[in-house]
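Each chain, written out:
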Amino acid sequence: MNPLYQDIAAAFVQSYYLHFDDNEKRSTMASFYDEETSLMSFEGQNLLGRSKIMEKLNCLTFQKIAHSITKVDCQPMFDGGVLVCVLGQLKTDDDPPHTFSQTFVLKPYNEGFYVQHDVFRIAVHDAA
């Protein structure tokens, strides 16, 4: 297990949302993902590989976005990876903020890490 898992998680979360919230930097987020072994679940839509993930991120319709992180929980994984769970508020354009949850599995790669799994969900309770 990686003893630096908390530092790795904190640095990753800061970098990831800094890139996501900047319209110009968002296109560079491809470096977080692997072309063949990264999986994303975005509001229930499953995407495999860097190209499909970036296609999804680049087609989101908001003009402005801001993530406000409430809490980050993390755990070391037995293979040296890091499990990262993020809870926060998401504000897009002039819409009211929404609570979101995002979970990442970071896997070691060369001298760093890449996102192997990414699960994103807006916390909306559908009362039927």
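- If you look the protein up in an unreviewed UniProt entry, it shows as Nuclear transport factor 2 from Limulus polyphemus.
- According to the UniProt record, the Function (unreviewed entry) comment for the protein reads "Has a role in nuclear-cytoplasmic transport of proteins and mRNAs."

### Topic: the overall build of the protein
Reasoning step 1: If you tally the helices and strands in the protein, you get two helices and six strands.
Reasoning step 2: Its helices and strands taken in sequence order, the protein reads α-β-β-α-β-β-β-β from the N to the C terminus.
Reasoning step 3: Expected size for 128 residues packed as a compact globule is a radius of gyration near 14 Å; at 14 Å, the protein falls within 12% of this value.
Reasoning step 4: The principal-axis extents of the C-alpha atoms in the protein amount to approximately 40 × 30 × 30 Å.
Reasoning step 5: Summarising the internal contacts of the protein: among those between residues at least 6 apart in sequence, 46% fall at separations of at least 24.
Reasoning step 6: Carbon and sulfur atoms make up 53% of the accessible area of the protein, which totals about 7700 Å².
Reasoning step 7: The average position of the 10 basic charges and that of the 17 acidic charges among the side chains of the protein differ by 3 Å.

### Concerning the sheet that holds strand β6 (residues 112-122)
Reasoning step 1: Pairing is mixed across the open sheet formed by six strands, whose spatial order is β2-β1-β6-β5-β4-β3. Edge positions in the sheet fall to β2 (45-48) and β3 (65-76), since each of these pairs with one other strand and no more. Taken over all neighbouring pairs, the strand axes of this sheet differ in orientation by 20° on average, direction set aside.
Reasoning step 2: Taken together, the 11 bridges between β3 and strand β4 (residues 82-92) define a ladder with antiparallel strand orientation. Looking across to β4, one finds that Pro-76 is bridged to Val-82.
Reasoning step 3: Most of the contacts of helix α1 (residues 5-20) go to β3, to which it runs at about 160°, and overall it touches β1 (39-42), β3, β4, β5 (98-109) and β6.
Reasoning step 4: Its contacts with the sheet put helix α2 (residues 50-58) on β1 and β2, and the angle it makes with β2 is roughly 130°.

### Overview of the pairing of β2
Reasoning step 1: The pairing of β1 with β2 spans four bridges and is antiparallel. Opposite Met-40, over in β2, you have Leu-47 as the bridge partner.
Reasoning step 2: Between β1 and β2, which pair antiparallel in sequence order, lie two residues; one of them, Glu-43, sits at a positive phi of approximately 55°.

### A short note on the pattern of salt bridges
Reasoning step 1: Tallied over the entire structure, the rule returns two salt bridges.
Reasoning step 2: One salt bridge connects Glu-43 with Arg-121, and the closest N-O pair in it is separated by 3.9 Å. Of this pair, Glu-43 sits in the loop between β1 and β2 while Arg-121 sits in strand β6, and the two are 78 residues apart along the sequence.
Reasoning step 3: According to the relative accessible area criterion, Arg-121 is partly exposed, its value standing at 41%.

### With respect to the nonpolar core
Reasoning step 1: Ranked by internal contacts, the top residues of the largest apolar core, which has 28 residues, are Tyr-16 and Phe-104.
Reasoning step 2: Of all the elements in the fold, those that place two or more residues in this core are α1, β1, α2, β4, β5 and β6.
Reasoning step 3: Residue contributions to this core peak at seven residues, all from α1.
Reasoning step 4: Other than its neighbours up to four places away in sequence, Tyr-16 contacts Met-29, Phe-32, Tyr-33, Met-40, Gln-102, Phe-104 and Asp-118.

Reading guide: rules and limits
- Residues numbered from 1 in each chain as written.
- Predicted model: local features only at pLDDT ≥ 70, side-chain atom pairs only at ≥ 80, totals over all residues.
- Heavy atoms only, no water.
- UniProt positions renumbered as here; feature names shortened; annotations may be inferred.
- Helix = DSSP H or I, 4+ residues; strand = E, 2+ residues; numbered from the N terminus.
- Rg over C-alpha atoms; globule rule 2.2 N^0.38 Å.
- Contact = heavy atoms within 4.5 Å.
- Areas by Shrake-Rupley, 256 points an atom, 1.4 Å probe, with all protein chains shown as cover.
- Lys, Arg positive; Asp, Glu negative; His and termini not counted.
- Charge placed at Lys NZ, Arg CZ, Asp CG, Glu CD.
- Pairing = 2+ DSSP bridges.
- Axes fitted to C-alpha atoms, helices over the stretch in contact; angles between N-to-C directions.
- Salt bridge = Lys/Arg side-chain N within 4 Å of Asp/Glu carboxyl O.
- Buried < 20%, exposed > 50% of the residue type's maximum accessible area, 1.4 Å probe, protein only.
- Core = buried A, V, L, I, M, F, W, Y, C linked by side-chain atoms within 4.5 Å.

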